[in-house]
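One-letter residues, chain by chain:
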Amino acid sequence: AAGEYEFNTGKPEVMVITSGVAEVQLKGEATWTRYGAGGSFDVPGNSSFRIKLAADTTYLCYFVG
């Protein structure tokens, strides 16, 4: 659903946007990066990330390791 969220993770993750658009800010980064359908980003283990969704967006989360 549209909104702004923050997620924490213990294990590394690969996030794949399957529909819509997401703006993502990884922990420790000052800038936001925009990802559309088919885009992906890596989240280091034992960290967090913020995500902003202007509209309903779907994504898959793959835990690595």
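Residues numbered from 1 in each chain as written. Predicted model: local features only at pLDDT ≥ 70, side-chain atom pairs only at ≥ 80, totals over all residues. Heavy atoms only, no water.

A. Molecular detail of the sheet that holds strand E6 (residues 47-53). In space, the 4 strands of this open sheet follow the order E1-E6-E3-E4, with antiparallel pairing throughout. Two strands close off the open sheet at either side, each with one partner strand: strand E1 (3-9) and strand E4 (33-36). On average, each strand axis in the sheet is tilted by 30° relative to the strand beside it, whichever way the strands run. (Pairing = 2+ DSSP bridges. Helix = DSSP H or I, 4+ residues; strand = E, 2+ residues; numbered from the N terminus. Axes fitted to C-alpha atoms, helices over the stretch in contact; angles between N-to-C directions.)

B. Up close: the environment of tyrosine 5. Locating tyrosine 5 in the fold gives a position in strand E1. Given the relative accessible area of 33%, tyrosine 5 is considered partly exposed. Taking the C-alpha atoms as reference points, tyrosine 5 and methionine 15, 10 residues apart in sequence, are found 14 Å from one another. For tyrosine 5, the contacting residues outside a window of four places in its chain are Phe49, Arg50, Ile51 and Leu53. A distance of 2.9 Å separates the side chain of tyrosine 5 from the backbone oxygen of alanine 1, its partner in a polar contact. A polar side-chain atom of tyrosine 5 sits 3.5 Å from the main-chain carbonyl oxygen of alanine 2. (Buried < 20%, exposed > 50% of the residue type's maximum accessible area, 1.4 Å probe, protein only. Contact = heavy atoms within 4.5 Å. Polar contact = N/O pair within 3.5 Å; in protein donor to acceptor, adjacent residues only side chain to side chain.)

C. Structural detail: the packing of aromatic side chains. Across all of its chains, the model carries 4 aromatic pairs by this definition. Between phenylalanine 7 and phenylalanine 49, the ring centres sit 5.5 Å apart and the planes meet at 35°, which makes this aromatic pair tilted. Here phenylalanine 7, found in strand E1, pairs with phenylalanine 49, found in strand E6; they are 42 residues apart in sequence, far enough to count as distant. Residue phenylalanine 49 is classed as buried on the basis of its relative accessible area of 2%. Relative to phenylalanine 49, the ring of phenylalanine 41 lies with its centre 5.7 Å away and its plane at 75°, an arrangement referred to as edge-to-face. Phenylalanine 49 matches phenylalanine 41 in its accessibility class, with the two residues each being buried. Here the aromatic cluster, defined as three or more aromatic residues joined through ring pairs, consists of Tyr5, Phe7, Tyr35, Phe41 and Phe49. Positioned above the aromatic ring of tryptophan 32 is the side chain of lysine 52, whose terminal nitrogen or guanidinium carbon lies 4.1 Å from the ring centre. (Phe/Tyr/Trp six-rings, centres within 6.5 Å; stacked < 30°, edge-to-face > 60°. Lys NZ or Arg CZ within 6 Å of the ring centre and 35° of its normal.)

D. Geometry of the sheet that holds strand E7 (residues 58-63). Taken together, 3 strands build an open sheet; the order of strands is E5-E2-E7 and the sheet is antiparallel. Edge strands, defined here as strands with exactly one partner in the open sheet, are strand E5 (40-43) and E7. Neighbour to neighbour, the strand axes of the sheet diverge by 25° on average, direction disregarded. Looking at chain direction, strand E2 (residues 13-19) and E5 are connected through 4 bridges and run antiparallel. Looking at the pairing, glutamate 13 lines up with valine 43 of E5.

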